[in-house]
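Examining the three-dimensional arrangement
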Amino acid sequence: MFTKFCATVSKISLVLAVLGLIAVILCVQWQVFGRYVLNDTPTWAEALAMLIVLFVTAFGLAVGVRDAGHIGLESLVILLPQKWQHRIEILIHALVALFGFLMVQGGWLWASAKWSEKKPMLPVPDGIDYVPVIIAGALILLFSIEHIVALLQGKVVEPVWE
């Protein structure tokens, strides 16, 4: 049940990342259209595209962690005895989970500190730049826990895109 929940969250994250990429393309296209056709560059388009890129990166990063697309030490782990391979894999996922937790904590601190300031080109708080860090960290933590649970149960986490 936990794996199904994580798979659903991962699929939603992947869909949001793809929709975000489409939104970035539309923002950039609107900026180009405004600059060269309307002779009036929309100042908000680039700022919005940059903000959306942060969210796309957050969702893509989290899906990559769940689908074991993150940088690992598999080449070194393979050389170890089977008993140690299992322990090191759990340790790696625990360290990734710790990193996710620290992302949530640091992102929250920065978002809180910058929330009262406004972005110059968009009518949103400046702290919104750190919300993707919080989202990515929470998802990385969730997906790392899923991997640890699966390893302890002798199962494998199947990627959502296969």
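About the thresholds
Each chain carries its own residue numbering, running from 1 in the written order of its sequence. For this predicted model, a pLDDT threshold of at least 70 governs which residues receive local features, and a threshold of 80 or more governs which side-chain atom pairs are given and counted, while totals over whole chains, interfaces and linings are taken from all residues. Only hydrogens and water are set aside; all other atoms, that is, all heavy atoms of the structure, feed into the side-chain values. By nonpolar core we mean a set of buried residues, namely Ala, Val, Leu, Ile, Met, Phe, Trp, Tyr and Cys, connected to one another through side-chain atoms within 4.5 Å. The cut-offs for exposure are 20% and 50% of the maximum accessible area for each residue type, with area from a 1.4 Å probe on protein chains only; residues under the lower value are buried, those over the upper are exposed, and the others partly exposed. Put simply, DSSP marks the helices as runs of H or I at least four residues long and the strands as runs of E at least two long, and each gets a number from the N terminus on. Multiplying 1.5 Å by the residue count of a helix minus one yields the expected span of that helix. For this analysis, residues touch if any pair of their heavy atoms sits within 4.5 Å. Note on aromatic pairs: the rings of Phe, Tyr and Trp (six-membered ring only in Trp) are paired at centre separations within 6.5 Å, and the planes decide the class, stacked below 30 degrees, edge-to-face beyond 60, tilted for the rest. Criterion for a charge above a ring: Lys NZ or Arg CZ within 6 Å of the ring centre, and within 35 degrees of the ring normal. Every axis corresponds to a line fitted to the C-alpha atoms, with the helix fit spanning only the stretch in contact, and the corresponding angles, defined between N-to-C directions, vary from 0 to 180 degrees. Should an angle fall under 35 degrees it is taken as roughly parallel, and over 145 as roughly antiparallel, whereas 65 to 115 is taken as roughly perpendicular and any remaining angle as oblique. In this scheme the handedness of a crossing depends on how the near helix is turned from the far one: anticlockwise by less than a right angle means left-handed, clockwise means right-handed. In this classification, the charged set is Asp, Glu, Lys and Arg, the nonpolar set is Ala, Val, Leu, Ile, Met, Phe, Trp, Tyr, Cys and Pro, and all remaining amino acids, among them Gly, are polar. Only one rule defines a salt bridge in this text: a Lys or Arg side-chain nitrogen within 4 Å of an Asp or Glu carboxyl oxygen. What pLDDT conveys is the predictor's confidence in a given residue, as a value from 0 to 100.

What follows is about the nonpolar core. Ile-52, Val-65, Val-96, Leu-139, Ile-140 and Phe-143 are the most contacted members of the largest nonpolar core, which totals 20 residues. For this core, the leading source of residues is helix α2 (residues 43-66), giving 7 residues.

For the rest of this paragraph, the subject is helix α1 (residues 2-36). Its 35 residues place the ends of α1 51 Å apart at the C-alpha level, agreeing with the 51 Å of an ideal helix rising 1.5 Å per residue. Taken together, the buried positions of α1 are occupied by Cys-6, Ala-7, Val-9, Ser-10, Ser-13, Ala-17, Gly-20, Val-24, Cys-27, Gln-31 and Gly-34. Residues of α1 that are buried in the fold lie against α2 and α5 (131-153).

The tally for this structure, following the rule as stated, stands at 2 aromatic pairs. With 5.4 Å between their ring centres and 35 degrees between their planes, Trp-30 and Phe-33 make a pair best called tilted. Of this pair, Trp-30 and Phe-33 are both found in helix α1, 3 residues apart, which corresponds to roughly one turn of the helix. The partly exposed category is assigned to Trp-30, whose relative accessible area is 39%. With a centroid separation of 5.7 Å and 25 degrees between ring planes, the pair formed by Trp-110 and Tyr-130 is classed as stacked. Linking Trp-110 in helix α4 (residues 82-114) with Tyr-130 in the loop between α4 and α5, this pair joins segments that are 20 residues apart in sequence. Above the face of the Trp-84 ring, Arg-87 is positioned so that its terminal group lies 5.0 Å from the ring centre.

Another aspect to go through is the environment of Ala-45. Its location among the elements puts Ala-45 in helix α2. For Ala-45 and Ala-17, which are 28 residues apart along the polypeptide, the C-alpha to C-alpha distance reads 18 Å. If we ignore the near neighbours within four places in the chain, the residues touching Ala-45 are Cys-27 and Gln-31.

Turning next to the packing of α4 against α5. Following both chains from N to C, one finds α4 and α5 inclined at 160 degrees, their axes separated by 7 Å at the closest point. With respect to each other, α4 and α5 are oriented roughly antiparallel. Judged by the sense of rotation from one axis to the other, the crossing of α4 with α5 is left-handed. Its residues placed into classes, the contact of α4 with α5 shows 18 nonpolar, 7 polar and 1 charged.

Considering all chains together, one arrives at 6 salt bridges under this definition. With a shortest N-O distance of 2.9 Å, Arg-66 and Glu-146 are connected by a salt bridge. With Arg-66 in helix α2 and Glu-146 in helix α5, this pair connects stretches of sequence that are 80 residues apart. We classify Arg-66 as buried; its relative accessible area is 1%. What makes Glu-146 buried here is its relative accessible area of 1%.

Moving on, we come to α5. Every α-helical turn comprises 3.6 residues, leaving residues that sit three or four positions apart pointing alike. Along its 23 residues, α5 runs 33 Å from first to last C-alpha, staying within 8% of the 33 Å computed at 1.5 Å per residue. Where α5 ends, the next residue or the one after it, Gly-154, has phi of about 75 degrees, a positive value.

Moving on to the environment of Leu-19. Position of Leu-19 relative to the elements: it lies in helix α1. Placed 15 residues apart in sequence, Leu-19 and Lys-4 show a C-alpha to C-alpha distance of 22 Å.

Confidence along the chain averages 91 in pLDDT terms, with 95% of residues attaining 70 or more. Here helix α3 (residues 74-77) stands out as the least confident element of the chain, with mean pLDDT 72; α5 is the most confident, with 95.

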